[in-house]
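As a plain string of letters, each chain reads:
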Amino acid sequence: MRGPLKSAAGLALLPVLALAAGCSAGGAATDAAPADPTASAPSTSAPVTAYAPYVSAGTASATEAAGSPTTYNLAFVISSGSGCTPYWNGTQDIDDESVTSRIAGLTGSGADVRVSFGGASGDELAATCDSAAELAGAYGAALDAAGAARADFDIEGDELTDSASVDLRSEALALLQEERAALEVSFTLPVMPSGLDQDGLDLLESANDHGVRVATVNIMTMNYGESYDGDMGDYALAAARATQTQLRDVFGLSAAGAWRGMALTSMIGVNDVAGETFTLEDAAEVRDFAREKGVAWVSMWSAFRDRECGEDASADDPLTDCSGVEQEDGAFAEALAG
């Protein structure tokens, strides 16, 4: 996915995916993936698919509460470009008072927050930290500053192919989960209608080899390339079906367990690739599909784009500020939340 934000093949591995409980002790719904249904008693009701949009950690938007999110994905924690200190968007201190106040406002509605590390721009901390212990400390510091027990790792571009940083991250996350048994880890990865590529599968293999407990694999159903000029809703469903098969193989899950170990994130409206437009009809289609299959959560890039662009093209960039399609404010959130 984009960032930083503007201010306005079967593997014989240990099955660690989807081990987190689906509800808190109090019975409230959560977007964590539950245990594989093959290892638990049959449920009398379908699992809940949560709505968890990506939002700016530093700047509020008028549309972010639309759809009543269960969890907000706070984007993005990265390095400043060197060293192992975490910053929001590489520039803002993680304990900046304006950010912590904003997070308190988001959680005051009853929602949770998930800290998203990485993104499409800047350096993810695994590329600049020197050791797994140091990296685990940096991740932990960011989580503590946000008051979060959920960590998302949006790994794409060159960092997805950097095996050294991939393995260092896996080692650090295993250490962090030893210290924080309740830490929920998700990976956000690029996808094609044919599923995850080999680099994405290698990242999951690395996590599995290091014993990381992965709650969900969040696939970015967007930006497929110029050769894909068809229906974006259909492509999202094709990507989900292909990835579900891959997750069954990688983690040894049942069909239902693999669906529950998945999340779906679309780039609403116009995408970075010319000709790709994710419509409100596509959003409703994805939501219905996710609910039918028992997908853990659905999301979008991003809540602050969930509005129609204004007439002044110099003020509104559809790739960063608005959706680029005709819509009511918050309409994509309402469609994805269902």
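Our structure's up above, just so we're on the same page.
Residues numbered from 1 in each chain as written. Predicted model: local features only at pLDDT ≥ 70, side-chain atom pairs only at ≥ 80, totals over all residues. Heavy atoms only, no water.

Engineer: Any chance you could explain the packing of aromatic side chains here in plain terms?
Structural biologist: Both the distance between ring centres and the angle between the ring planes are used here to describe each pair of aromatic rings. Across all of its chains, the model carries 13 aromatic pairs by this definition. Arranged with centres 6.4 Å apart and planes meeting at 40°, the rings of Tyr 54 and Phe 76 form a pair that is tilted. Of the two residues, Tyr 54 is situated in strand β2 (residues 54-56) and Phe 76 in strand β3 (residues 71-78); the sequence distance between them amounts to 22 residues. Note on accessibility: Tyr 54 and Phe 76 belong to one class, buried. In textbook terms, an aromatic cluster arises when at least three aromatic residues are bridged by ring pairs, as seen for Tyr 54, Phe 76, Trp 301 and Phe 304. A cation sits over an aromatic face here: Arg 114 above Trp 297, 4.2 Å from the ring centre. (Phe/Tyr/Trp six-rings, centres within 6.5 Å; stacked < 30°, edge-to-face > 60°. Helix = DSSP H or I, 4+ residues; strand = E, 2+ residues; numbered from the N terminus. Buried < 20%, exposed > 50% of the residue type's maximum accessible area, 1.4 Å probe, protein only. Lys NZ or Arg CZ within 6 Å of the ring centre and 35° of its normal.)

Engineer: Please clarify how the nonpolar core should be interpreted in this entry.
Structural biologist: A general feature of soluble globular proteins is that nonpolar side chains tend to end up buried together. Counting 84 residues, the largest nonpolar core has Phe 117, Tyr 139, Phe 187 and Leu 204 as the members making the most contacts within it. By residue number, the principal contributor to this core is helix α6 (residues 232-251), which donates nine residues. With residues near it in sequence (within four places) discarded, Tyr 139 still touches Phe 117, Glu 124, Leu 125, Ala 126, Phe 153, Arg 169, Ala 172, Leu 173 and Leu 176. Ala 52, Phe 76, Ala 296 and Trp 301 belong to the second-largest nonpolar core, a separate cluster that totals 14 residues. (Core = buried A, V, L, I, M, F, W, Y, C linked by side-chain atoms within 4.5 Å. Contact = heavy atoms within 4.5 Å.)

Engineer: Got a minute to help me understand the packing of helix α2 (residues 132-146) against helix α4 (residues 163-179) in this structure?
Structural biologist: Geometrically, a packed helix pair is captured by the angle between its two axes and the distance between the axes. With their axes 8 Å apart at the nearest point, α2 and α4 run at an angle of 60° to one another. As judged from the angle between their axes, α2 and α4 are oblique. Two packed elements cross with a definite hand, and for α2 against α4 that hand is right-handed. The segment α2 lies against α4, with Ala 132, Ala 133, Leu 135, Ala 136, Tyr 139, Gly 140 and Leu 143 engaging Leu 168, Arg 169, Glu 171, Ala 172, Leu 173, Leu 175 and Leu 176. Each residue belonging to the contact of α2 with α4 can be placed in one class, and the counts come to eleven nonpolar, one polar and two charged. (Axes fitted to C-alpha atoms, helices over the stretch in contact; angles between N-to-C directions. Parallel < 35°, antiparallel > 145°, perpendicular 65-115°, else oblique. Left-handed = near helix turned anticlockwise from the far one by under 90°. Nonpolar A, V, L, I, M, F, W, Y, C, P; charged D, E, K, R; others polar.)

Engineer: Honestly, the pairing of β3 in this entry has me stumped. Any pointers?
Structural biologist: Here is the key point about a regular strand: its side chains alternate between the two faces of the sheet. Across the eight residues that make up β3, a large majority, eight, are buried. Where β2 and β3 come together, three bridges link them in parallel fashion. Residue pairing across strands places Val 55 opposite Leu 74, the latter belonging to β3. Where β3 and strand β6 (residues 112-118) come together, six bridges link them in parallel fashion. Across the sheet, the residue bridging to Thr 71 is Asp 112, located in β6. (Pairing = 2+ DSSP bridges.)

Engineer: Help me understand unusual backbone geometry in this model?
Structural biologist: With glycine set apart, most residues show a phi of negative sign, and most peptide bonds adopt trans. Ala 75 connects to Phe 76 through a cis peptide bond whose omega is -20°. Cis geometry marks the peptide bond from Trp 301 to Ser 302; its omega dihedral reads 0°. Inspection of the secondary structure puts Ser 302 in the loop between β13 (297-301) and α9 (331-337). At Asn 89, a position not held by glycine, the phi torsion is positive, near 55°. Looking at where Asn 89 falls in the secondary structure, it is placed in the loop between β4 (87-88) and β5 (92-93). Asn 89 gets classed as buried once you look at its relative accessible area, which sits at 18%.

Engineer: Mind showing me how you'd approach the state of the cysteines here?
Structural biologist: Each disulfide is one covalent bond, formed between the sulfur atoms of two cysteines. In total, this model carries two disulfides according to the counting rule given. Sulfur-sulfur distance for the disulfide between Cys 309 and Cys 322 comes to 2.0 Å. One disulfide, between Cys 309 and Cys 322, carries an S-S torsion of 95° and so falls in the right-handed class. Here the residue Cys 309 occupies a position in the loop between β13 and α9, and Cys 322 occupies one in the loop between β13 and α9, the gap between them amounting to 13 residues. (Disulfide = S-S within 2.5 Å.)

Engineer: What should I look at first to understand the pattern of salt bridges in this one?
Structural biologist: Once their charged atoms are close, side chains differing in charge can pair, the charge on each being opposite to the other. All chains considered together, the criterion is met by seven salt bridges. For Arg 114, the salt bridge is made with Glu 184, and the minimal N-O distance between the two is 3.1 Å. Note that Arg 114 is positioned in strand β6 and Glu 184 in strand β8 (residues 184-190), a separation of 70 residues in sequence. In this structure Arg 114 comes out as buried when scored by relative accessible area, which is 0%. Glu 184 gets classed as buried once you look at its relative accessible area, which sits at 6%. With a shortest N-O distance of 2.9 Å, Arg 180 and Asp 144 are connected by a salt bridge. Of this pair, Arg 180 sits in the loop between α4 and β8 while Asp 144 sits in helix α2, and the two are 36 residues apart along the sequence. We classify Arg 180 as partly exposed; its relative accessible area is 23%. Beyond isolated ion pairs, a larger network of salt bridges with shared partners links Asp 112, Arg 114, Arg 150 and Glu 184. (Salt bridge = Lys/Arg side-chain N within 4 Å of Asp/Glu carboxyl O.)

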